[in-house]
Number of protein chains: 2
Amino acid sequence: MSNTRPSDKKQADHFARAREAQSVALLEDYVEMIGDLHEELGEARVADLAQRMGVAQPTATKAIARLKREGLATSRRYRGVFLTETGAALAMRVRARHRTVVAFLVAVGVPEDVAEMDAEGIEHHVSRHTLTAFEDYLANRLAADHRP
Amino acid sequence: MSNTRPSDKKQADHFARAREAQSVALLEDYVEMIGDLHEELGEARVADLAQRMGVAQPTATKAIARLKREGLATSRRYRGVFLTETGAALAMRVRARHRTVVAFLVAVGVPEDVAEMDAEGIEHHVSRHTLTAFEDYLANRLAADHRP
DNA sequence: ACCGAAACATAGCTATGGCTATAATTACTG
DNA sequence: CAGTAATTATAGCCATAGCTATGTTTCGGT
């Protein structure tokens, strides 16, 4: 019967975007983690990366291969992983967004540890628009708290 | 080097949960959509399902096969798809959650259409705990919030 | 300077979720 | 009621993301 309602295409597009977000999510997670490791340990080794991502080491190696293909990272055999400029920029954005999402969730009453957990999945689907709304909420909330 | 900080396992677990959520996400989307179609059209045909999910028809067929394997749906060749009791229950929960997430996003200032879009990805990562926080926020915002 | 252990890479398997092309079945229409 | 159109299923391809097992390379201690 092919019920092509006008809203169908829009809805299909929503799902398409969610799928797209998903395909970027792993890249974002790895890039962020590489940044974290460099800050904390001065380098990002494959083993540490794998451990923190909760995957086996060859899985991390494979992910790094994809990061390199996408121009987000470089690596030297048996030497660890490094972010490109693009990768470092992405890492910064991702970390900022992560912090915002967690802070926002906490602000609306989600316990810290749950917020941290849920944010890991949620953050990748938060658009610029929604992120701004979160930031505004946090700003206003802060102002309200300082009012007697 | 193997820096096994105590927090590593917890963080790894967060990612593991996010991955798990992702693997359930498609099931949830299809189940919800099948429910929608039954309500709107009285039946859920593969073609309509595919169109609304924004995928090719064989992709929908394959997804349905997985739904059947997981005991969420049944189907009769060339006749359409039906939810099992389990599937119908899941569909109800998913739809309620979706509505809550959208309403919540709108309540914190996200435009309707953006909320609808982002919710499609976010909802799958919203834990019971966080969902409750959203519901509470929606219930209380008129009274408590917006104290300018 | 070596040898063993640790770190990393590679090979090769599974499952999922996309796709196109094509076969099979059902439904409609004249 | 026959033939065509629409719908659904199947076959077979690709990429991703996970795994184990095993081969390489580097590092550290004696």
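This is a predicted model, so every value here is computed, not measured.

## Concerning the nonpolar core
Inference 1: In this structure, A:Phe104, A:Leu105, A:Val108, B:Phe104, B:Leu105 and B:Val108 are the most contacted members of the largest nonpolar core, which totals 32 residues.
Inference 2: At the level of secondary structure, the elements contributing two or more residues to this core comprise helix H4 (85-107), helix H5 (112-122) and helix H6 (128-145) of chain A together with helix H4 (85-107), helix H5 (112-122) and helix H6 (128-140) of chain B.
Inference 3: Apart from the residues lying within four places of it in its own chain, the contact partners of A:Leu105 are A:Val110, A:Ala115, A:Asp118, A:Ala119, A:Ile122, B:Thr130 and B:Phe134.

## A few points about helix H3 (residues 57-69) of chain A
Structurally, the α-helix is built with 3.6 residues per turn, so residues lying three or four positions apart point the same way.
Residue and element names in this part refer to chain A.
Inference 1: The end-to-end C-alpha distance of H3, which contains 13 residues, comes to 19 Å, matching closely the 18 Å that a straight helix rising 1.5 Å per residue would cover.
Inference 2: Within H3 the residues assigned to the buried category are Ala 60, Ala 63, Ile 64 and Leu 67. End-on, the buried residues of H3 take up no more than an arc of 105°, which puts them together on one face. The exposed residues of H3 that point more than 90 degrees off its buried face are Pro 58, Lys 62 and Arg 69.
Inference 3: As for H3, its buried residues are in contact with helix H1 (6-41), helix H2 (46-53), strand E1 (73-76) and strand E2 (80-83).

## Remarks on the relation of the copies chain A and chain B
Inference 1: Between the two copies, chain A and chain B, the superposition gives an RMSD of 0.1 Å; the rotation angle is 180° and the shift along the axis is 0.0 Å. Viewed as a symmetry operation, the transformation between the two copies matches a two-fold axis. Closest to the rotation axis within chain A is the C-alpha of A:Ile122, separated from it by 2.5 Å.
Inference 2: By residue overlap, the copies meet face to face through one surface: 98% of the interface positions of chain A are interface positions in chain B.

## As for the pairing of E1(A)
All names here are of chain A.
Inference 1: Of the strand pairs in this sheet, E1 and E2 are connected by 4 bridges, and their pairing is antiparallel. Note that in E2 the partner of Thr 74 across the bridge is Phe 82.
Inference 2: Linking two consecutive strands that pair antiparallel, namely E1 and E2, is a turn of 3 residues; a positive phi of about 60° is found at Tyr 78 within it.

## Description of the domain arrangement of chain A
Residue and element names in this part refer to chain A.
Inference 1: When the domains of chain A are assigned, the result is domain 1 (11-88) and domain 2 (90-145).
Inference 2: Computed over C-alpha atoms only, the centres of domain 1 and domain 2 are separated by 21 Å.
Inference 3: Contacts between domain 1 and domain 2 engage 16 residues on the former and 11 residues on the latter.
Inference 4: Summing the contributions of domain 1 and of domain 2, the shared interface buries around 1,000 Å²; its carbon and sulfur component is 50%.
Inference 5: It is Glu 28, Glu 32 and Ala 88 in domain 1 that bury the most area against domain 2; as a group they hold 46% of the surface buried on that side.
Inference 6: Put simply, domain 1 and domain 2 have 3 salt bridges between them.
Inference 7: Among the salt bridges present, the one from Glu 39 reaches Arg 95, with a minimum N-O distance of 3.6 Å.
Inference 8: At the boundary of domain 1 and domain 2, one finds 11 residue pairs in polar contact (both at pLDDT 80 or more).

## Remarks on the pattern of salt bridges
Residues and elements named next belong to chain A.
Inference 1: Tallied over the entire structure, the rule returns 16 salt bridges over all chains.
Inference 2: Notably, a salt bridge pairs Glu 40 with Arg 52, separated by 2.9 Å at the nearest N-O pair. Of this pair, Glu 40 sits in helix H1 while Arg 52 sits in helix H2, and the two are 12 residues apart along the sequence.
Inference 3: Judged by relative accessible area, Glu 40 falls into the partly exposed class, the value being 41%.
Inference 4: By relative accessible area, Arg 52 is classed as buried at 2%.

## Remarks on the interface of chain A and chain B
Inference 1: The interface of chain A with chain B comprises 46 residues on the first partner and 48 residues on the second.
Inference 2: At the surface where chain A touches chain B, the tally comes to 2 salt bridges.
Inference 3: A salt bridge links A:Asp8 to B:Arg52, with the shortest nitrogen-to-oxygen separation between them at 3.3 Å.
Inference 4: At the boundary of chain A with chain B, the tally comes to 10 residue pairs in polar contact (both at pLDDT 80 or more).
Inference 5: At the level of elements, H1, H2, H4, H5 and H6 of chain A are the ones that each hand at least two residues to the side of chain A that touches chain B.
Inference 6: At 13 residues, H1(A) tops the list of elements feeding residues into the side of chain A that touches chain B.
Inference 7: Along the lines of polarity and charge, the residues of the side of chain A that touches chain B split into 19 nonpolar, 14 polar and 13 charged.

Rules used throughout
- Residues numbered from 1 in each chain as written.
- Chains lettered and ligands numbered in written order.
- Predicted model: local features only at pLDDT ≥ 70, side-chain atom pairs only at ≥ 80, totals over all residues.
- Heavy atoms only, no water.
- Core = buried A, V, L, I, M, F, W, Y, C linked by side-chain atoms within 4.5 Å.
- Buried < 20%, exposed > 50% of the residue type's maximum accessible area, 1.4 Å probe, protein only.
- Helix = DSSP H or I, 4+ residues; strand = E, 2+ residues; numbered from the N terminus.
- Contact = heavy atoms within 4.5 Å.
- Expected span 1.5 Å × (residues − 1).
- Arc of directions from axis to C-beta.
- Least-squares fit on C-alpha atoms with pLDDT ≥ 70 in both.
- Pairing = 2+ DSSP bridges.
- Domains from an automatic or database assignment.
- Buried area = accessible area lost by both parts, 1.4 Å probe.
- Salt bridge = Lys/Arg side-chain N within 4 Å of Asp/Glu carboxyl O.
- Polar contact = N/O pair within 3.5 Å; in protein donor to acceptor, adjacent residues only side chain to side chain.
- Nonpolar A, V, L, I, M, F, W, Y, C, P; charged D, E, K, R; others polar.

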